[in-house]
Structure formats: C-alpha cells, structure tokens
Amino acid sequence: MVAEAGNIQEALVLAETAVFDLAILDINIGGSSIVPVAEIVDRRGLPFIFMSGYGSGGRPEAFIERPALQKPLILSKLGETINAILAAGASATADKSSPKIE
C-alpha cells in the first residue's frame, strides 16, 4: 500500500489503520510535529524513516536512533536506507521464527 497524508490528522488515521512495510515521516508537517504519528507506528512495531530539512539533528529525542534523511532527498540514499531497513526487518523476522539449537 502507498498512502500520503497532507496533515497530522490524516497521518494519525493512517498510522493506526494502514498496512505497510515502511513509513517515511517528514518531521514537520505544516508546522505540526510528526511525533504522535511516529509513536503510533513505533507502538505497532513497524519500521520508519524520518526525513527533514533539518537533517538528522531535527529528529525527536525519543527517536534519536531512527534513521533520518536530509531534504532534498538523494534518491540513491533513500533506496539504500529503505533496502537496509527492510533487510533488517526480514532478518529479525527470520530470527524469531527460526528454532534455537542448543
């Protein structure tokens, strides 16, 4: 699924209900912080990337470990980041489903 939200209210609905592999969250949408949306996506255990004109320094403190890309985006960097996050998620899923041998 691909979806876009033009404001925080639409983003909150999508964060709660949409089925997706990865969210790309702009840190500031129309002067509103994306933190409530990020909290929902995080609670659901879904991966996300921040993007911002402020760079990685603009990340909310609670999500400082999350990747952040600088706007304007370099498409190759976006692709690399998406591939790394999805590969890490696939590895984590495989690790959880694999039986442990002792």
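Quantities reported herein were computed from a predicted structural model and do not represent experimental measurements. (Residues numbered from 1 in each chain as written. Predicted model: local features only at pLDDT ≥ 70, side-chain atom pairs only at ≥ 80, totals over all residues. Heavy atoms only, no water.)

Visitor: What is the right way to look at the confidence of the model for the protein in this model?
Guide: It should be kept in mind that the predicted coordinates are not to be read in detail where pLDDT is low. Here the protein averages 85 in pLDDT, while 86% of its residues score no lower than 70. Mean pLDDT in the protein bottoms out at helix H3 (residues 75-97), which sits at 78, and peaks at helix H2 (residues 35-43), which reaches 97. In the model, residues 93-102 has pLDDT below 50 throughout and makes one contact with residues more than four positions away in sequence or in other chains. (pLDDT = per-residue confidence, 0-100. Helix = DSSP H or I, 4+ residues; strand = E, 2+ residues; numbered from the N terminus. Contact = heavy atoms within 4.5 Å.)

Visitor: Can you help me understand the sheet that holds strand S1 (residues 23-26) in this one?
Guide: The strands making up a sheet associate through hydrogen bonds between their backbones, and the pairing can be parallel or antiparallel. A sheet is described by the order of its strands in space; here three strands give the open sequence S1-S4-S5, paired in parallel fashion. The open sheet has two free edges, formed respectively by S1 and strand S5 (68-70), since each of these has just one partner strand. Direction aside, the axes of adjacent strands within the sheet are offset by 30° on average. Two elements, S1 and strand S4 (residues 48-52), share four bridges in a ladder whose sense is parallel. Opposite alanine 23, over in S4, you have phenylalanine 48 as the bridge partner. (Pairing = 2+ DSSP bridges. Axes fitted to C-alpha atoms, helices over the stretch in contact; angles between N-to-C directions.)

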